[in-house]
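Examination of the molecular architecture
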Amino acid sequence: MNAGTILYIPVAQAEGGATVTVKGQLYGPTLKLDGTDITTGTAVTIATDSTRYVPLSVEGTGSLYLTGIAIDYTAGSPAATSHTVTVGPNGQYRTIQAALDANDSSETDRLVLKITPGDYREKITVTKPGVTFANADVTAKRAVTIRASYYSSNTFDADGKFVPQDEFDLGTNKCATVTIGAGATGFSAYGITFQNDYNVVDHTAAGEQTPAVALNTQADKVYLKNSRIIGRQDTLYVQGAGNRVYVDGGYIEGTVDFVFGDANAYFAGTELHMAAFAGKNNGYFTAANTKKSGVGLVFDRCNLTVAAAYDDDAKLSLGRPWQTFAQYTQVRKGDGSSYVTGVDLGTKNSAYTDTSSAVTYLDSTMSSKITKNRWNVWTSKNQSGKSVDVTFHDDVRFAEYASHDETGALLDPADYKNVVLGSMSALDEAQVQAKRAELLAALGFGSAAGQWVVPDGAWPFAYDPNYSTGTDVQPTQPGGNASPNADSAAKADTMPETGSAIIAVVVVAVPLLVAGLALVAVRRNRQQ
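Analysis parameters
- Residues numbered from 1 in each chain as written.
- Predicted model: local features only at pLDDT ≥ 70, side-chain atom pairs only at ≥ 80, totals over all residues.
- Heavy atoms only, no water.
- Pairing = 2+ DSSP bridges.
- Helix = DSSP H or I, 4+ residues; strand = E, 2+ residues; numbered from the N terminus.
- Axes fitted to C-alpha atoms, helices over the stretch in contact; angles between N-to-C directions.
- Polar contact = N/O pair within 3.5 Å; in protein donor to acceptor, adjacent residues only side chain to side chain.
- Contact = heavy atoms within 4.5 Å.
- pLDDT = per-residue confidence, 0-100.
- Expected span 1.5 Å × (residues − 1).
- Buried < 20%, exposed > 50% of the residue type's maximum accessible area, 1.4 Å probe, protein only.
- Arc of directions from axis to C-beta.
- Salt bridge = Lys/Arg side-chain N within 4 Å of Asp/Glu carboxyl O.
- Patch = residues over 30% accessible without salt bridge, like charges linked within 9 Å, V, L, I, M, F, W, Y side chains within 5 Å.
- Areas by Shrake-Rupley, 256 points an atom, 1.4 Å probe, with all protein chains shown as cover.
- Core = buried A, V, L, I, M, F, W, Y, C linked by side-chain atoms within 4.5 Å.
- Phe/Tyr/Trp six-rings, centres within 6.5 Å; stacked < 30°, edge-to-face > 60°.
- Lys NZ or Arg CZ within 6 Å of the ring centre and 35° of its normal.

1. Details of the sheet that holds strand β9 (residues 109–115)
Overall, parallel pairing links the 11 strands, which are arranged β8-β9-β12-β15-β18-β21-β24-β27-β32-β36-β37 in an open sheet. With partners counted over all chains shown, the strands left at the sheet margins are β8 (81–87) and β37 (423–425), one partner each. Sheet twist, expressed as the average angle between the axes of neighbouring strands with direction ignored, equals 10°. Two elements, strand β21 (residues 244–248) and strand β24 (residues 264–268), share 5 bridges in a ladder whose sense is parallel. Its bridge partner being in β24, Tyr-246 is matched across the sheet by Tyr-266.

2. Side note on the pairing of strand β6 (residues 52–59)
When strand β1 (residues 6–11) meets β6, the two strands line up antiparallel, connected through 6 bridges. Paired with Tyr-8 across the bridge in β6 is Pro-55. Judged from the 4 bridges that link them, strand β3 (residues 30–33) and β6 form a sheet pairing that is antiparallel. For Leu-33, the partnering residue across the bridge sits in β6 and is Leu-56.

3. A short note on the side chain of Arg-436
Of note, Arg-436 is situated in helix α2 (residues 429–443). Polar contacts involving the side chain of Arg-436 include one to the side chain of Asp-300, which spans 2.5 Å. Non-local contacts of Arg-436, meaning those with residues more than four positions away in its chain, are made with Tyr-266, Asp-300, Arg-301, Leu-362 and Asp-363.

4. Let's talk about the confidence of the model for the protein chain
In this model, the protein chain carries a mean pLDDT of 87, and residues with pLDDT of at least 70 account for 87%. Low pLDDT, under 50, characterises residues 472–528; the stretch is placed with 153 contacts to residues that sit more than four places away or in other chains.

5. Looking at α2
Spanning 15 residues, α2 covers 21 Å between terminal C-alpha atoms, matching the ideal 21 Å at 1.5 Å per step. Along α2, the residues that are buried comprise Val-432, Lys-435, Arg-436, Leu-439 and Leu-443. Axial view of α2: buried residues confined to an arc of 105°, hence all on one face. Where the residues of α2 are buried, they touch β21, β24, β27 (297–300), β32 (358–362) and β36 (397–401). Capping the start of α2, Asp-428 holds a side-chain oxygen 3.2 Å from the backbone nitrogen of Ala-430, two or three residues further along. After α2 finishes, the residue Gly-444 shows a positive phi value of roughly 95°.

6. Examining the pattern of salt bridges
Applying the stated criterion across every chain, the model contains 20 salt bridges. Arg-147 is the salt-bridge partner of Asp-119, the closest N and O atoms lying 2.6 Å from each other. With Asp-119 in strand β10 (residues 118–121) and Arg-147 in strand β13 (residues 144–148), the pair connects residues that are 28 residues apart, well separated along the chain. Taking the relative accessible area as the measure of exposure, Arg-147 reaches 1% and is therefore buried.

7. Describing a nonpolar patch on the surface
A cluster of nonpolar side chains, namely Ile-6, Tyr-8 and Tyr-53, defines an oily patch on the protein surface of about 360 Å² accessible area. With respect to the helices, strands and loops of the structure, Tyr-8 is situated in strand β1.

8. Regarding the nonpolar core
Counting residues in each nonpolar core, the largest one holds 62 residues, and the members touching the most others are Ile-96, Leu-113, Phe-133 and Tyr-361. Listed in part, the 23 residues of the second largest apolar core include Ala-134, Val-298, Trp-452 and Trp-459.

9. Regarding the packing of aromatic side chains
Scanning all chains against the criterion turns up 22 aromatic pairs. Here Tyr-150 and Phe-168 contribute two aromatic rings whose centre-to-centre distance is 5.4 Å and whose plane-to-plane angle is 55°, an arrangement assigned as tilted. With a gap of 18 residues between them, Tyr-150 in the loop between β13 and β14 (178–180) and Phe-168 in the loop between β13 and β14 connect regions that are remote in the sequence. According to the relative accessible area criterion, Tyr-150 is buried, its value standing at 5%. Among the residues examined, Phe-168 registers a relative accessible area of 13% and is labelled buried. Each member of the aromatic cluster is reached from another via a ring pair, and the members are Tyr-190, Tyr-223, Tyr-246, Tyr-266, Phe-445, Trp-452 and Trp-459. The ring of Tyr-416 has Lys-372 sitting right over it, with the charged end atom 4.4 Å from the ring centre.

10. So, the pairing of strand β22 (residues 251–254)
What you see with β22 is no split at all: Tyr-251 and Glu-253 on one side and Ile-252 and Gly-254 on the other are buried throughout. Of the strand pairs in this sheet, strand β19 (residues 228–230) and β22 are connected by 3 bridges, and their pairing is parallel. Of the residues in β22, the one forming a bridge with Ile-229 is Ile-252. Relative to strand β25 (residues 271–274), β22 is paired through 4 bridges, and the arrangement is parallel. Following the sheet pairing, Gly-254 is matched in β25 by Met-274.

In structure tokens:
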């Protein structure tokens, strides 16, 4: 939306009022809702004394990159219902995408996919709200694995335009095995494995590591229960300022920036595993590009583990700040590569004025192989190939509270005198509880207007022994069932990329007119 544009948002008459959250990125202008200045990603209370259209205006100079608008009403939420269809060799649908395409879904009448354990070689896009993927084996001992092999080569021409190297090179924003589109508010998954085979099963040689997303969430109120997300670089992409993601238990595996994005995402009791990759002895657990109004990535009572292949000299960090950049100049060469020619560390990069990377670890178990410096700055190469710090340090919000080692002993911040960028604090149990409550409230979880009542974790259907027979196995291990022709097999069986995504005005509890908005994919050039 360019400056001077006015969008009218329909709201219904309702007791108790409502909140409106505008999601997206501002590039210069002032944003006004009903005449009041607002920021993206922040819930704003509005009156709902009558059914009306509320004006959203972009004023001044610049533009708004709009990804969604959420309206939450304080009262009048109808009870949600659901309808279930089966997916599998003997189910109503043989593929997950076919089941999605053939059935309606909403937040008040959810579509539940009861998926028979097995491998589903598909590239999937979810565009409808209220969809649930659930392993038909409620014990989740038999895996439902959704897998494909798409990637981003990060290849650009002299003008900075992305240049795909083959039909599977889709760029970071489109290469995910499963994409939860911006209109798919309220998506949930129970006991599902999301896997990108690129760099995991195929293309595993030294020098081949590149972004290959397993799960990309672009929607609000995404809930993942006891699920596994497996990749290498850029495994889980949580997108959308103000969007809320709740990861309940489960397992995430990767090597570089393998949890990244600008959504507000909370991970409770999740294992984050730093996998090994040929020729690499470094890695980063996270790469947040949180907006200034966001809370960012929060890891609570999580377990950070590291593959045995890493030696004591490995450079493994809790994360680095994507797009929280200082002002720098660069030269792009004819082959599309670029190098930094100068950096002003005291000035914020004008292209990312609203970015303030935020990651918090609370009461989590840390591998002893994680660097004593804890975090990394973001770097780029200069003409001679040397890494140069391009981070705007003042806007980085990295924090570590009450971490402990593998034995359960609390880490003493006094033993970590050279922490880079972030802070490290020791808290007692009462302080941990207080910090947890503070973070959960800031993330927007709760029952007040504008908050999200997170699902209670109960499986969406009862135990069915028909799906729990046979060999009990743990969810699919990377490469564990690969055939000699895993590369070609994975690619041949994947669904074609749709090349589009849909975002919508999200209306919770009261039926309203829903307006579709075009989502412009933003590519990024990521340094490995």
